[in-house]
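What the coordinates show
Now for the letters of each chain:
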Amino acid sequence: MAVKPVASAAGSTPLGPAANEKDAERLRFIEEMTANADAVQERVLGEILARNADTEYLRRFGLGGATDRAAFKAKAPVVTYEDLQPEIQRIANGDRSPILSAHPISEFLTSSGTSAGERKLMPTIKEELDRRQLLYSLLMPVMNLYVPGLDKGKGLYFLFVKSETKTPGGLPARPVLTSYYKSEHFKSRPYDPYNVYTSPTAAILCADSFQSMYAQMLCGLYQRLDVLRVGAVFASGLLRAIRFLQLHWEQLAADIESGALTRASPTLGPRGRGRPHPPRPGAGPARGRRVLQGRLAGSSPDVANTKYLDVIVTGAMRSTYDARILQRRAPDGCYFGINLRPMCAPSEVSYTIMPNMAYFEFLPLDDSDGGAKFGAGEWSRLVDLADVRVGGEYELVITTYAGLYRYRVGDILRVTGFHNAAPQFRFVRRKNVLLSIESDKTDESELQKAVEAASEVLKPYDAAIVEYTSHAYTKTIPGHYVIYFELLHKEGGGSSAGRVEEDGVIERCCGAMEEAMNAVYRQSRVADGSIGPLEIRVVRPGTFEELMDYCIARGASINQYKVPRCVTFPPIVELLDSRAVSAHFSPVPPKWSPHRSA
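Just so it is clear, the structure is predicted and the values come from calculations on it, not from any experiment.

With respect to the element layout, Arg565 can be found in the loop between α18 (543-553) and α19 (570-578). Side-chain polar atoms of Arg565 contact the backbone oxygen of Tyr468, separated by 2.7 Å.

This is the structure:
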């Protein structure tokens, strides 16, 4: 029986009716937090400053135990990761003194790369898992408002752990979702009828990505009539799962028909002991034949009961997929909000900031400087959570319980509205990022470094790169980077041009570029399989002049025109593709290991 709608502040649509009293309690929590956003923010900042008053970092700036906003904003600087690297490195090397946080740092969450190509190490503390779990607990009550009956079935989610390492001081360093899946919060989670997965925890935690995918797919197909929702972290992950099914459907159907794994798995159990669940009506040969028949009919197996897809669609992926989805996104170091309208189109997704998660400030994007680095005299430009304006674009700045203070995340957000007194934001882009397929983020300097590596390969052949640009290609599974090169063959071209084409030189350029990419890209290529081989498309001479003419014809200033280092506008991509004379792919994956620093 539905519970009446939860009261909401004037001007906001109340959340409800809740599916049950437990959901009603969680929806009331959302309403209370968002209705009192500014007061909650003031309390959060006070708690963070009080508990960390004796840390080396806060003492350095002379706060003297002050916990009010005015003192904090007057004395604490706005910082980037590079500013904090010395302190973070000390912690990573084993210094257990209260440098950033009064509470012990329990592990590092790894994020996108630094300017040196290494992963960022974001310090965290154990209680952050509680805050993360709290945010997760709010998602299903919201979804239940739109899709009834989710307690009557299961979710087929493709969830994976990624490689992790230890710092010199012995602390784990791993991606945020790997940290969560390996925590007791996930492994020992209480039974919740609204959050039952088809995948056993052992399959999710399997380090072998093939075995993990196979086991999760097998269990999902076996229980396919119970599946009410299908998901992955990113849309590309779900597409990889579909591609996996296309490649391995015969073996999966055979295993379902026999009721046992025919593929040995040292991680999941020996041959013949991999039955995902005890037999049930409809299992065994008949079910295996239905999977087989569905595949032969040219479609995926019947999941007719599925009500929605749950994936993240951002960046280059957003223009490719048009599913109705539940999205959620976490920037470096902090989970911050939820989508209160999960059935909207991907292009309309906004996140309502939960003000209890951290202390949030916002740097307005000024067209004159694009949010560039600024000094102490301009710290006052930062805006509090309750003071942002609808339509404004801001760079997110966070202060966390784990010891990040006025940290520039690098996410650019646009305010789309408010729920009660809490603003709702749409993710616009990652600052300075040119290319991104999934969790990878490649900026202009990294791309330039990779192009320089390709130039070195071309030098012995008397060839040079005249101009270049790039595109994140997501129409294949997985997506991949496409680099457009216009080449100059010295000494009039002649034999050197043929040698470049015939000797596999451009393929070696692809490999050199991949080797020069950051660690996140290389892990995605080697270990995760979420990015395909880099492609270079060689365009005919004069192509980039044509590109300039096209842009000027559309209103660009001839005096200020610069070649775009990444293109997304379809007519420009079509122009470049129409001038391509050859395409080349990286023949082998780049080198990568969890213990390699760069």
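Additional details are given in the paragraphs that follow.
Looking at the chain as a whole, its pLDDT mean stands at 81, while 80% of the residues score no less than 70. Predicted confidence is poor over residues 315-333, with pLDDT under 50, and the contacts of this stretch with residues over four places away or in other chains come to 71 contacts. In this model, residues 367-372 is a region of pLDDT below 50 whose contacts with residues beyond four sequence positions or in other chains number 11 contacts.

Overall, mixed pairing links the four strands, which are arranged β17-β18-β19-β20 in an open sheet. Lying at the two open borders of the sheet, with one neighbouring strand each, are β17 (463-473) and β20 (580-585). Put simply, the sheet's adjacent strands are angled 25° from each other on average, direction ignored. Bridge analysis of strand β18 (residues 480-489) against strand β19 (residues 535-539) gives five bridges, and the strand direction is parallel. Bridge pairing links Val482 to Glu535 in β19. Packed onto the sheet, helix α16 (residues 505-516) meets β18, β19 and β20 and runs at close to 130° relative to β19.

Another point: the sheet that holds strand β14 (residues 422-430). The strand order across the open sheet formed by seven strands is β8-β9-β14-β13-β12-β10-β11, and the pairing between neighbours is antiparallel. The outermost strands of the open sheet, each flanked by one partner alone, are β8 (337-338) and β11 (383-384). Looking at chain direction, strand β10 (residues 359-364) and strand β12 (residues 393-399) are connected through six bridges and run antiparallel. Note that in β12 the partner of Tyr359 across the bridge is Thr399.

Attention shifts here to helix α17 (residues 519-528). Of all 10 residues in α17, eight are buried; the element is thus mostly enclosed. Buried within α17 are the following residues: Ala519, Val520, Tyr521, Arg522, Gln523, Ser524, Arg525 and Asp528. N-cap assignment for α17: the residue whose side-chain oxygen lies 3.1 Å from the backbone N of Val520 is Asn518.

With that settled, the discussion passes to the packing of helix α6 (residues 128-137) against helix α7 (residues 139-146). At a closest axis distance of 4 Å, the pairing of α6 and α7 adopts a crossing angle of 5°. Judged on the interaxial angle alone, α7 and α6 are roughly parallel. From α6, Leu135, Tyr136 and Ser137 reach across to α7, where they touch Leu139, Met140 and Pro141.

The rules behind each value
- Residues numbered from 1 in each chain as written.
- Predicted model: local features only at pLDDT ≥ 70, side-chain atom pairs only at ≥ 80, totals over all residues.
- Heavy atoms only, no water.
- Helix = DSSP H or I, 4+ residues; strand = E, 2+ residues; numbered from the N terminus.
- Polar contact = N/O pair within 3.5 Å; in protein donor to acceptor, adjacent residues only side chain to side chain.
- pLDDT = per-residue confidence, 0-100.
- Contact = heavy atoms within 4.5 Å.
- Pairing = 2+ DSSP bridges.
- Axes fitted to C-alpha atoms, helices over the stretch in contact; angles between N-to-C directions.
- Buried < 20%, exposed > 50% of the residue type's maximum accessible area, 1.4 Å probe, protein only.
- Parallel < 35°, antiparallel > 145°, perpendicular 65-115°, else oblique.

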